[in-house]
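# Results of the structural survey
Residues per chain, in single letters:
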Amino acid sequence: MDEEKKVIFSGVQPSGNLTIGNYLGALKNWVLLQDDYRCYFSVVDLHAITVRQEPKSLREKTLEVLALYLAVGLDPEKNTIFIQSHVPAHSEAAWILNCFTYMGELSRMTQFKDKAAKHQDNINAGLLTYPVLMAADILLYQTDLVPIGADQKQHLELARNIAQRFNNIYSPTFKIPEPFIGNEGARIMSLQDPAKKMSKSDENENGYILIMDPPDVIKRKIQRAVTDNLGTVKYADEQPGVKNLISIYSAVAGMPSDEIENKYKGAGYAKFKQDLAEALIEELKPVQEKCNDLLKNKDYLKKIYSDGAERAAKVAYKTLRKMQKKIGFIPYLAK
Ligand code: AQP
(Lines give C-alpha, C1' and ligand atoms only; values in the text may rest on other atoms or scores of the structure.)
Protein backbone atom coordinates (compact mmCIF):
# COMPACT_ATOMS: atom_id res chain seq x y z
CA MET A 1 0.00 0.00 0.00
CA ASP A 2 2.72 2.42 1.14
CA GLU A 3 4.71 1.46 -1.96
CA GLU A 4 2.05 3.15 -4.10
CA LYS A 5 2.51 6.51 -2.45
CA LYS A 6 4.61 9.09 -4.25
CA VAL A 7 8.00 9.77 -2.74
CA ILE A 8 8.96 13.19 -1.36
CA PHE A 9 12.45 14.24 -0.27
CA SER A 10 13.27 17.41 1.62
CA GLY A 11 15.69 18.69 4.20
CA VAL A 12 16.94 21.64 6.21
CA GLN A 13 20.58 22.55 6.82
CA PRO A 14 21.67 22.72 10.46
CA SER A 15 23.52 25.92 9.60
CA GLY A 16 21.91 27.96 12.35
CA ASN A 17 18.80 28.08 14.50
CA LEU A 18 15.68 27.62 12.43
CA THR A 19 13.60 30.68 11.67
CA ILE A 20 9.89 31.12 11.16
CA GLY A 21 10.86 31.19 7.46
CA ASN A 22 11.96 27.56 7.71
CA TYR A 23 8.86 26.82 9.79
CA LEU A 24 6.22 28.48 7.60
CA GLY A 25 7.98 27.72 4.31
CA ALA A 26 8.93 24.12 5.03
CA LEU A 27 8.23 22.28 8.32
CA LYS A 28 4.60 23.32 8.80
CA ASN A 29 3.79 22.21 5.25
CA TRP A 30 5.63 18.91 5.58
CA VAL A 31 3.28 17.89 8.39
CA LEU A 32 0.41 18.09 5.91
CA LEU A 33 2.18 15.73 3.51
CA GLN A 34 3.01 12.86 5.79
CA ASP A 35 -0.24 10.94 5.41
CA ASP A 36 -0.39 11.05 1.64
CA TYR A 37 3.24 10.63 0.61
CA ARG A 38 6.23 8.49 1.47
CA CYS A 39 8.46 11.19 2.90
CA TYR A 40 12.19 11.37 3.55
CA PHE A 41 13.09 14.31 5.77
CA SER A 42 16.79 14.77 6.30
CA VAL A 43 18.91 17.06 8.44
CA VAL A 44 21.36 17.92 5.70
CA ASP A 45 24.59 18.41 7.63
CA LEU A 46 26.81 17.66 4.60
CA HIS A 47 25.31 20.70 2.91
CA ALA A 48 25.85 22.88 5.99
CA ILE A 49 29.66 22.59 5.84
CA THR A 50 29.88 24.45 2.53
CA VAL A 51 29.97 27.39 4.94
CA ARG A 52 32.37 27.14 7.90
CA GLN A 53 30.62 25.69 10.99
CA GLU A 54 31.89 25.52 14.55
CA PRO A 55 31.96 21.75 15.43
CA LYS A 56 30.20 21.98 18.81
CA SER A 57 27.54 24.23 17.40
CA LEU A 58 27.03 22.00 14.34
CA ARG A 59 26.45 19.01 16.64
CA GLU A 60 23.94 20.97 18.71
CA LYS A 61 22.14 22.43 15.71
CA THR A 62 21.87 19.02 14.03
CA LEU A 63 20.09 17.56 17.06
CA GLU A 64 17.97 20.68 17.42
CA VAL A 65 16.76 20.50 13.83
CA LEU A 66 15.93 16.82 14.33
CA ALA A 67 14.04 17.64 17.54
CA LEU A 68 12.15 20.39 15.70
CA TYR A 69 11.10 17.97 12.96
CA LEU A 70 9.49 15.87 15.68
CA ALA A 71 8.20 18.83 17.68
CA VAL A 72 6.21 20.25 14.76
CA GLY A 73 4.48 16.90 14.42
CA LEU A 74 6.41 14.80 11.92
CA ASP A 75 5.82 11.18 12.84
CA PRO A 76 9.01 9.07 12.78
CA GLU A 77 6.95 5.97 12.01
CA LYS A 78 5.26 7.44 8.97
CA ASN A 79 8.32 9.30 7.66
CA THR A 80 11.97 8.43 7.31
CA ILE A 81 13.72 11.06 9.42
CA PHE A 82 17.52 10.95 9.34
CA ILE A 83 20.80 12.81 9.43
CA GLN A 84 22.34 13.04 5.96
CA SER A 85 25.94 12.16 6.93
CA HIS A 86 24.71 8.91 8.55
CA VAL A 87 23.96 7.58 5.08
CA PRO A 88 27.31 7.70 3.25
CA ALA A 89 25.56 6.76 0.00
CA HIS A 90 24.81 10.49 -0.35
CA SER A 91 28.51 11.39 -0.56
CA GLU A 92 29.30 8.41 -2.78
CA ALA A 93 26.48 9.15 -5.20
CA ALA A 94 27.42 12.83 -5.23
CA TRP A 95 30.96 11.97 -6.36
CA ILE A 96 29.66 9.83 -9.19
CA LEU A 97 27.14 12.45 -10.26
CA ASN A 98 29.89 15.10 -10.20
CA CYS A 99 31.38 13.23 -13.12
CA PHE A 100 28.11 13.68 -15.02
CA THR A 101 27.80 17.41 -14.34
CA TYR A 102 29.50 20.17 -16.30
CA MET A 103 31.41 23.05 -14.80
CA GLY A 104 29.39 25.44 -16.96
CA GLU A 105 26.16 24.18 -15.42
CA LEU A 106 27.44 24.66 -11.88
CA SER A 107 28.97 28.07 -12.35
CA ARG A 108 25.67 29.36 -13.74
CA MET A 109 23.80 28.63 -10.51
CA THR A 110 22.64 31.88 -8.95
CA GLN A 111 22.89 30.51 -5.41
CA PHE A 112 26.59 29.75 -6.02
CA LYS A 113 27.15 33.29 -7.25
CA ASP A 114 25.32 34.73 -4.22
CA LYS A 115 27.07 32.52 -1.67
CA ALA A 116 30.47 33.03 -3.29
CA ALA A 117 29.96 36.79 -3.06
CA LYS A 118 28.91 36.47 0.58
CA HIS A 119 31.78 34.17 1.62
CA GLN A 120 34.67 35.52 -0.41
CA ASP A 121 37.23 34.18 2.06
CA ASN A 122 35.93 30.62 1.60
CA ILE A 123 34.79 29.96 -1.96
CA ASN A 124 35.34 26.21 -1.63
CA ALA A 125 34.56 23.56 -4.24
CA GLY A 126 31.66 22.32 -2.09
CA LEU A 127 29.90 25.62 -2.59
CA LEU A 128 30.07 24.98 -6.34
CA THR A 129 29.11 21.29 -6.23
CA TYR A 130 26.35 21.75 -3.62
CA PRO A 131 23.60 21.16 -6.25
CA VAL A 132 25.18 17.82 -7.21
CA LEU A 133 24.91 16.64 -3.61
CA MET A 134 21.33 17.86 -3.65
CA ALA A 135 20.76 15.84 -6.83
CA ALA A 136 22.19 12.77 -5.07
CA ASP A 137 19.88 13.34 -2.07
CA ILE A 138 16.87 13.42 -4.34
CA LEU A 139 17.77 10.73 -6.88
CA LEU A 140 18.88 8.08 -4.36
CA TYR A 141 15.31 7.74 -3.08
CA GLN A 142 13.71 7.63 -6.55
CA THR A 143 11.93 10.79 -5.49
CA ASP A 144 8.80 11.84 -7.36
CA LEU A 145 8.32 15.25 -5.81
CA VAL A 146 10.54 17.86 -4.19
CA PRO A 147 8.91 20.72 -2.26
CA ILE A 148 11.01 23.73 -3.22
CA GLY A 149 10.97 27.47 -2.94
CA ALA A 150 11.70 29.71 -5.92
CA ASP A 151 15.39 29.85 -4.99
CA GLN A 152 15.78 26.09 -5.44
CA LYS A 153 14.09 25.81 -8.85
CA GLN A 154 17.37 26.04 -10.71
CA HIS A 155 18.89 23.28 -8.56
CA LEU A 156 15.99 20.92 -9.16
CA GLU A 157 16.22 21.58 -12.89
CA LEU A 158 19.88 20.60 -12.72
CA ALA A 159 19.04 17.42 -10.77
CA ARG A 160 16.58 16.51 -13.52
CA ASN A 161 19.19 17.13 -16.22
CA ILE A 162 21.80 15.03 -14.43
CA ALA A 163 19.30 12.19 -13.98
CA GLN A 164 18.26 12.30 -17.63
CA ARG A 165 21.88 12.37 -18.75
CA PHE A 166 22.76 9.32 -16.65
CA ASN A 167 19.63 7.47 -17.78
CA ASN A 168 20.46 8.21 -21.42
CA ILE A 169 24.10 7.15 -21.20
CA TYR A 170 23.26 3.86 -19.46
CA SER A 171 19.63 2.85 -19.03
CA PRO A 172 16.76 4.09 -16.84
CA THR A 173 18.21 4.30 -13.34
CA PHE A 174 16.61 7.34 -11.73
CA LYS A 175 13.10 8.60 -11.53
CA ILE A 176 12.96 12.18 -12.88
CA PRO A 177 11.79 14.35 -9.96
CA GLU A 178 9.18 17.07 -10.31
CA PRO A 179 8.78 20.21 -8.22
CA PHE A 180 6.03 19.90 -5.64
CA ILE A 181 3.55 22.72 -5.83
CA GLY A 182 1.50 22.24 -2.74
CA ASN A 183 -0.17 24.67 -0.40
CA GLU A 184 1.44 27.94 -1.21
CA GLY A 185 4.45 27.95 1.11
CA ALA A 186 4.83 31.50 2.28
CA ARG A 187 8.10 33.14 1.33
CA ILE A 188 9.02 35.04 4.44
CA MET A 189 11.26 38.06 4.08
CA SER A 190 13.71 39.69 6.49
CA LEU A 191 12.02 41.91 9.08
CA GLN A 192 14.74 44.49 8.56
CA ASP A 193 15.05 44.33 4.78
CA PRO A 194 11.89 42.99 3.13
CA ALA A 195 13.70 42.70 -0.22
CA LYS A 196 15.81 39.88 1.26
CA LYS A 197 14.68 36.36 2.26
CA MET A 198 14.54 35.71 6.01
CA SER A 199 17.65 33.60 6.64
CA LYS A 200 18.98 31.82 9.69
CA SER A 201 22.51 32.95 8.81
CA ASP A 202 21.61 36.66 8.64
CA GLU A 203 24.13 38.61 10.71
CA ASN A 204 21.37 40.96 11.86
CA GLU A 205 19.32 39.03 14.42
CA ASN A 206 16.46 41.52 14.16
CA GLY A 207 15.96 40.33 10.59
CA TYR A 208 14.61 36.95 11.69
CA ILE A 209 12.45 35.33 14.34
CA LEU A 210 13.64 31.94 15.50
CA ILE A 211 11.20 29.13 16.16
CA MET A 212 12.74 28.97 19.65
CA ASP A 213 12.70 32.73 20.38
CA PRO A 214 11.06 33.52 23.75
CA PRO A 215 7.88 35.68 23.80
CA ASP A 216 9.60 38.95 24.78
CA VAL A 217 12.11 38.57 21.93
CA ILE A 218 9.32 37.85 19.43
CA LYS A 219 7.44 40.96 20.61
CA ARG A 220 10.55 43.12 20.35
CA LYS A 221 11.53 41.90 16.89
CA ILE A 222 8.01 42.40 15.52
CA GLN A 223 7.83 45.87 17.05
CA ARG A 224 11.11 46.77 15.36
CA ALA A 225 10.12 45.26 12.01
CA VAL A 226 10.49 47.75 9.18
CA THR A 227 7.18 49.15 7.87
CA ASP A 228 6.53 52.55 6.22
CA ASN A 229 4.80 55.81 7.03
CA LEU A 230 1.57 55.13 5.14
CA GLY A 231 -0.10 53.71 8.23
CA THR A 232 -2.45 51.32 6.40
CA VAL A 233 -2.35 47.55 6.84
CA LYS A 234 -2.39 46.68 3.16
CA TYR A 235 -1.03 43.71 1.22
CA ALA A 236 0.66 45.74 -1.51
CA ASP A 237 4.03 45.69 -3.29
CA GLU A 238 4.48 49.38 -2.44
CA GLN A 239 4.46 48.38 1.24
CA PRO A 240 6.91 45.43 1.30
CA GLY A 241 7.47 45.45 5.07
CA VAL A 242 3.76 45.44 5.89
CA LYS A 243 3.10 42.92 3.11
CA ASN A 244 5.62 40.56 4.68
CA LEU A 245 4.04 40.91 8.13
CA ILE A 246 0.63 40.17 6.62
CA SER A 247 2.07 37.04 4.95
CA ILE A 248 3.38 35.86 8.30
CA TYR A 249 0.07 36.60 10.02
CA SER A 250 -1.82 34.87 7.24
CA ALA A 251 0.36 31.73 7.39
CA VAL A 252 0.10 31.55 11.18
CA ALA A 253 -3.60 32.35 11.59
CA GLY A 254 -4.75 30.69 8.37
CA MET A 255 -6.53 33.93 7.49
CA PRO A 256 -6.49 35.33 3.93
CA SER A 257 -4.73 38.67 3.50
CA ASP A 258 -7.91 40.59 2.59
CA GLU A 259 -9.50 39.52 5.87
CA ILE A 260 -6.46 40.79 7.73
CA GLU A 261 -6.66 44.10 5.84
CA ASN A 262 -10.33 44.44 6.84
CA LYS A 263 -9.66 43.54 10.44
CA TYR A 264 -7.09 46.35 10.78
CA LYS A 265 -8.75 49.01 8.65
CA GLY A 266 -7.99 52.33 10.29
CA ALA A 267 -6.24 50.66 13.22
CA GLY A 268 -2.60 51.62 12.48
CA TYR A 269 0.43 49.40 12.83
CA ALA A 270 0.81 49.16 16.61
CA LYS A 271 -2.29 47.01 17.22
CA PHE A 272 -1.58 44.91 14.13
CA LYS A 273 1.98 44.20 15.25
CA GLN A 274 0.86 43.44 18.78
CA ASP A 275 -1.71 40.89 17.57
CA LEU A 276 0.76 39.35 15.14
CA ALA A 277 3.30 38.89 17.93
CA GLU A 278 0.63 37.25 20.12
CA ALA A 279 -0.42 34.92 17.30
CA LEU A 280 3.18 33.88 16.69
CA ILE A 281 3.85 33.31 20.38
CA GLU A 282 0.75 31.10 20.63
CA GLU A 283 1.68 29.17 17.48
CA LEU A 284 5.26 28.52 18.57
CA LYS A 285 4.63 27.79 22.26
CA PRO A 286 3.71 24.09 21.91
CA VAL A 287 6.54 23.53 19.40
CA GLN A 288 9.06 25.11 21.78
CA GLU A 289 7.84 23.06 24.75
CA LYS A 290 7.96 19.82 22.80
CA CYS A 291 11.39 20.63 21.36
CA ASN A 292 12.82 21.40 24.80
CA ASP A 293 11.43 18.13 26.17
CA LEU A 294 12.89 16.17 23.27
CA LEU A 295 16.31 17.77 23.66
CA LYS A 296 16.39 16.52 27.24
CA ASN A 297 15.92 12.98 25.95
CA LYS A 298 19.06 12.38 23.91
CA ASP A 299 18.58 8.59 23.96
CA TYR A 300 15.23 8.94 22.28
CA LEU A 301 16.66 11.24 19.61
CA LYS A 302 19.48 8.76 19.06
CA LYS A 303 16.99 5.99 18.51
CA ILE A 304 15.04 8.12 16.01
CA TYR A 305 18.08 9.05 13.93
CA SER A 306 19.57 5.55 14.10
CA ASP A 307 16.35 3.90 12.93
CA GLY A 308 15.92 6.60 10.29
CA ALA A 309 19.45 6.13 8.93
CA GLU A 310 18.94 2.38 8.73
CA ARG A 311 15.71 2.76 6.78
CA ALA A 312 17.12 5.44 4.50
CA ALA A 313 20.32 3.49 3.82
CA LYS A 314 18.40 0.45 2.58
CA VAL A 315 16.75 2.48 -0.15
CA ALA A 316 19.75 4.69 -0.91
CA TYR A 317 22.20 1.82 -1.29
CA LYS A 318 19.88 0.00 -3.63
CA THR A 319 20.08 2.95 -6.03
CA LEU A 320 23.80 3.43 -5.44
CA ARG A 321 24.53 -0.23 -6.27
CA LYS A 322 22.56 0.19 -9.50
CA MET A 323 24.62 3.26 -10.41
CA GLN A 324 27.90 1.52 -9.64
CA LYS A 325 26.96 -1.56 -11.63
CA LYS A 326 25.94 0.42 -14.69
CA ILE A 327 29.13 2.46 -14.62
CA GLY A 328 31.24 -0.70 -14.55
CA PHE A 329 32.48 -0.81 -10.97
CA ILE A 330 33.24 -4.32 -9.75
CA PRO A 331 30.85 -5.23 -6.92
CA TYR A 332 32.78 -6.24 -3.85
CA LEU A 333 29.95 -7.40 -1.68
CA ALA A 334 27.49 -9.89 -3.13
CA LYS A 335 24.27 -8.38 -1.81
N1 AQP B 1 12.45 32.89 4.39
C2 AQP B 1 11.92 31.73 4.01
N3 AQP B 1 10.64 31.67 3.60
C4 AQP B 1 10.11 30.50 3.23
N5 AQP B 1 10.76 29.33 3.23
C6 AQP B 1 12.04 29.33 3.65
N7 AQP B 1 12.98 28.36 3.79
C8 AQP B 1 14.13 28.89 4.25
N9 AQP B 1 13.97 30.20 4.44
C10 AQP B 1 12.69 30.52 4.06
C11 AQP B 1 12.74 26.96 3.46
O12 AQP B 1 13.36 26.16 4.45
C13 AQP B 1 13.85 24.97 3.87
C14 AQP B 1 15.25 24.66 4.28
O15 AQP B 1 16.13 25.68 4.07
P16 AQP B 1 17.69 25.39 4.22
O17 AQP B 1 18.10 25.50 5.62
O18 AQP B 1 18.06 24.11 3.58
O19 AQP B 1 18.34 26.47 3.37
P20 AQP B 1 17.95 27.90 3.05
O21 AQP B 1 16.74 27.94 2.19
O22 AQP B 1 19.21 28.53 2.52
O23 AQP B 1 17.55 28.51 4.47
P24 AQP B 1 18.22 29.69 5.21
O25 AQP B 1 17.50 29.89 6.50
O26 AQP B 1 18.32 30.89 4.31
O27 AQP B 1 19.64 29.09 5.50
P28 AQP B 1 21.06 29.72 5.37
O29 AQP B 1 20.95 31.06 6.03
O30 AQP B 1 21.94 28.77 6.11
O31 AQP B 1 21.37 29.79 3.90
C32 AQP B 1 13.68 25.09 2.36
O33 AQP B 1 12.53 24.35 2.00
C34 AQP B 1 13.45 26.57 2.17
O35 AQP B 1 12.64 26.84 1.03
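In what follows, the structure referred to is the one given above.
Residues numbered from 1 in each chain as written. Predicted model: local features only at pLDDT ≥ 70, side-chain atom pairs only at ≥ 80, totals over all residues. Heavy atoms only, no water.

## A few points about the overall build of the protein chain
Within the protein chain one finds 13 helices and five strands. Counting only C-alpha atoms and orienting by the principal axes, one finds that the protein chain spans roughly 70 × 45 × 40 Å. Here the protein chain holds 335 residues, and 50% of them are scored as buried. Sequence-distant contacts, at least 24 apart, represent 75% of the contacts inside the protein chain between residues at least 6 apart. When the accessible area of the protein chain is evaluated, it comes to approximately 16700 Å², of which 52% is carbon and sulfur surface. Of the side-chain charges in the protein chain, 45 are positive and 42 negative, and the distance between the mean point of each set is 4 Å. (Helix = DSSP H or I, 4+ residues; strand = E, 2+ residues; numbered from the N terminus. Buried < 20%, exposed > 50% of the residue type's maximum accessible area, 1.4 Å probe, protein only. Contact = heavy atoms within 4.5 Å. Areas by Shrake-Rupley, 256 points an atom, 1.4 Å probe, with all protein chains shown as cover. Lys, Arg positive; Asp, Glu negative; His and termini not counted. Charge placed at Lys NZ, Arg CZ, Asp CG, Glu CD.)

## Focus on the side chain of Lys273
By the element assignment, Lys273 lies in helix α12 (residues 269-296). In this structure, Lys273 is in contact with Ile222, Gln223, Arg224, Ala225, Thr227 and Leu245, ignoring residues within four places of it in sequence.

## Re the site of the ligand
As a structural note, the neighbourhood of the ligand is formed by 17 residues, with Ser15, Ile188, Ser199, Lys200 and Ser201 the closest of them. For the ligand, an oxygen atom lies 3.2 Å from a polar atom in the backbone of Gln13. The side chain of Ser201 places a nitrogen or oxygen atom 2.4 Å from an oxygen atom of the ligand. Considering the ligand on its own, with 640 Å² of exposed area, one finds that the protein chains cover 91% of that surface. Elements with a minimum of two residues in the shell around the ligand: β1 (7-12) and α1 (20-33). Sorting elements by how many residues they give to the shell around the ligand places α1 first, with four residues. (Near = heavy atom within 4 Å. Polar contact = N/O pair within 3.5 Å; in protein donor to acceptor, adjacent residues only side chain to side chain.)

## Comments concerning the packing of helix α4 (residues 89-98) against helix α13 (residues 298-327)
Their axes nearest at 10 Å, the elements α4 and α13 cross at an angle of 30 degrees. The angle between α4 and α13 places the two elements in the roughly parallel class. Relative to α13, α4 is oriented so that their crossing is left-handed. Here Ala89, Glu92, Ala93, Ile96 and Leu97 of α4 lie close against α13, whose contacting residues are Ala316, Tyr317, Leu320, Met323, Gln324 and Ile327. Residues that form the contact of α4 with α13 fall into these classes: nine nonpolar, one polar and one charged. (Axes fitted to C-alpha atoms, helices over the stretch in contact; angles between N-to-C directions. Parallel < 35°, antiparallel > 145°, perpendicular 65-115°, else oblique. Left-handed = near helix turned anticlockwise from the far one by under 90°. Nonpolar A, V, L, I, M, F, W, Y, C, P; charged D, E, K, R; others polar.)

## Side note on the environment of Val242
Locating Val242 in the fold gives a position in helix α10 (residues 240-253). Discounting chain neighbours no more than four positions away, the residues touching Val242 are Thr227, Asp228, Thr232, Val233, Lys234 and Tyr269.

## Some remarks on α10
The end-to-end C-alpha distance of α10, which contains 14 residues, comes to 20 Å, matching closely the 20 Å that a straight helix rising 1.5 Å per residue would cover. Within the span of α10, buried status applies to Gly241, Val242, Asn244, Leu245, Ile246, Ser247, Ile248, Tyr249 and Val252. On its buried side, α10 packs onto α1, α9 (215-224), α11 (257-263) and α12. A positive backbone phi angle near 65 degrees is found at Gly254, which sits one or two residues after α10. (Expected span 1.5 Å × (residues − 1).)

## Points about helix α7 (residues 125-140)
Relative to the 22 Å expected for 16 residues at 1.5 Å per residue, α7 spans 22 Å between its end C-alpha atoms, a close match to the ideal helical length. Roughly 40 degrees is the biggest bend found in α7, and it falls at Pro131. Here α7 lies mainly inside the structure; 13 of its 16 residues are buried. The N-cap residue of α7 is Asn124: its side-chain oxygen and the backbone nitrogen of Gly126 are 2.9 Å apart. Following α7 by one or two positions, Gln142 has its phi on the positive side, about 50 degrees. (Bend = angle between axes of the 7 residues up to and from the residue.)

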